[in-house]
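# Architecture at a glance
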Amino acid sequence: FGDPMDVHFTADIQHKVLHLRFGQAGVRNLMDDQWFDTLEGHLAEADLNPEVRVVLLSAEGDAFCSGANLKGIQPSLLTDDYAQSALARLLRRLTTFEKPLVAAVHGLAIGGGTTLLLHCDFVYAAEGTRFQMPFTKLGLVPEFGSSYLIPLSAGMRLASELVLLGEPFDAATALRAGLVTSVEPVDGLMERAQRTADTLAQMAPGPLRRSKNLLRQGHQAALEATLEREGQALQESLRSPELAEAVSAFLAKRAPDFSRF
């Protein structure tokens, strides 16, 4: 979205595990078009590289990911050609990625920083991690297939609470909602995620990929249909006066006023 931020990914392959760490100078790891493109590119390379059997995602700094860059959300293909946007390309990659994805989450996981985790096979969260999906508070709608995947993992009642109210929630609630595999001590987070990644990397790669495909095959058609609907709804939201008010309020550091809508 807008001008690219100073995003950097480090990629390190050891024992057939690709460890991707992302970070940004001065901000808490915000998503934008460059972020989507960079992650998609790394996953595309990992898909083809026989030296990579598992991908481990983590972040530098004091947050895993703080969601979209609202300051530059409008000038993007999201607003007029969603299917060709960087977000849509990343989603197509995530939903077809055959190798195991492991994530280690700490600090904050907001918006897409939470919904991205739905496409990971194992998610380990540090104690004290705060999650939030504030889409409705920002005049937006859920993305990353979350409108289908969260009710599937959490049940409709808890999904409604987390998505419609959009309030922050803790790691214990994320565990109850099926968003994370386990909650770990802060100083043991990376060791736990690395142990799982190393275990997967030592397994027979063909059966592992086929097993992952079998686990998600029954939901694939529904997920793809959901992504298309979410894309259409996101485009409508990005053009809406509600979003304009939410962004204006965000930049002015005030609460949005939706009373006139």
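The structure reproduced in this document is the subject of the present report. (Residues numbered from 1 in each chain as written. Predicted model: local features only at pLDDT ≥ 70, side-chain atom pairs only at ≥ 80, totals over all residues. Heavy atoms only, no water.)

### What to know about the side chain of Thr95
Applied cut-off: Going along the chain from the N terminus, every DSSP run of H or I of four or more residues is numbered as a helix, and every run of E of two or more is numbered as a strand. Here, residues are in contact when the closest pair of their heavy atoms is within 4.5 Å.
Its location among the elements puts Thr95 in helix α2 (residues 86–96). With residues up to four places along the chain from it excluded, the contact list for Thr95 reads His119, Arg216, Gln220, Leu223 and Leu227.

### Points about the nonpolar core
The test is simple: The term nonpolar core refers to a set of buried residues drawn from Ala, Val, Leu, Ile, Met, Phe, Trp, Tyr and Cys, joined through side-chain atoms within 4.5 Å. Type-normalised accessible area, obtained with a 1.4 Å probe on protein chains alone, sets the label of each residue: buried when under 20%, exposed when over 50%, and partly exposed for intermediate values.
Formed by 60 residues in total, the largest nonpolar core has its most connected members in Trp35, Leu39, Val55, Phe64, Phe131 and Phe144. In terms of residue count, α2 provides more of this core than any other element does, six residues in total. Beyond its immediate chain neighbours, meaning those up to four positions away, Trp35 contacts Val7, Phe9, Phe22, Gln24, Leu30, Leu90 and Leu116. Counting 13 residues, the second-largest nonpolar core is a separate cluster that includes Val102, Tyr124, Ala197 and Leu200.

### Examining the environment of Pro50
Residue placement: Pro50 occurs in the loop between α1 (33–48) and β3 (54–59). Residue Pro50 is classed as exposed on the basis of its relative accessible area of 62%.

### Side note on the pattern of salt bridges
Applicable threshold: A pair is scored as a salt bridge if a Lys or Arg side-chain nitrogen falls within 4 Å of a carboxyl oxygen belonging to Asp or Glu.
What the rule picks out here adds up to 11 salt bridges. A salt bridge links Arg93 to Glu40, with the nearest nitrogen and oxygen atoms 2.9 Å apart. A residue pair is termed long-range when its members are at least 10 positions apart, and Arg93 in helix α2 and Glu40 in helix α1 qualify at 53 residues. When the shortest N-O distance is used, the salt bridge between Lys137 and Glu167 registers 3.0 Å.

### Digging into the packing of aromatic side chains
In this description, a pair of aromatic rings is defined by centroid distance and the angle of the planes. Convention followed: Ring geometry is summarised as follows: Phe, Tyr and Trp rings, the Trp one being its six-membered ring, pair when their centres sit within 6.5 Å, and such pairs are stacked at plane angles under 30 degrees, edge-to-face over 60 and tilted between the two.
Within the structure shown, the criterion is met by seven aromatic pairs. Here Phe22 and Phe64 contribute two aromatic rings whose centre-to-centre distance is 5.3 Å and whose plane-to-plane angle is 65 degrees, an arrangement assigned as edge-to-face. Here Phe64 lies in the loop between β3 and α2 and Phe22 lies in strand β2 (residues 17–24), a separation of 42 residues in the sequence. Comparing Phe22 with Phe64, the two get one shared label, buried. Pairing Phe131 with Phe169 gives two aromatic rings, centres 5.7 Å apart and planes at 15 degrees, and the pair type is stacked. Remark: Phe169 occurs in strand β8 (residues 169–170) and Phe131 occurs in strand β7 (residues 130–132); sequence separation between them is 38 residues. Every member of this aromatic cluster is reached through a ring pair, and the members are Phe9, Phe22, Trp35, Phe36 and Phe64.

### Some details on the packing of helix α4 (residues 146–154) against helix α8 (residues 205–238)
Basically, it comes down to this: Note on definitions: angles span 0 to 180 degrees between N-to-C directions of axes, and those axes are lines fitted to C-alpha atoms, for helices only across the stretch in contact. The labels follow the angle: roughly parallel below 35 degrees, roughly antiparallel above 145, roughly perpendicular from 65 to 115, and oblique for the rest. Residues are grouped as follows: Ala, Val, Leu, Ile, Met, Phe, Trp, Tyr, Cys and Pro are nonpolar; Asp, Glu, Lys and Arg are charged; every other residue, Gly included, is polar.
Running from N to C, α4 and α8 cross one another at 135 degrees; their axes reach a closest spacing of 8 Å. In terms of their interaxial angle, α4 and α8 are classed as oblique. Of the residues in α8, those in contact with Ser146, Ser147, Tyr148, Leu149 and Leu152 of α4 are His219, Ala222, Leu223, Thr226 and Glu230. Across the contact of α4 with α8, the residue classes break down as five nonpolar, four polar and one charged.

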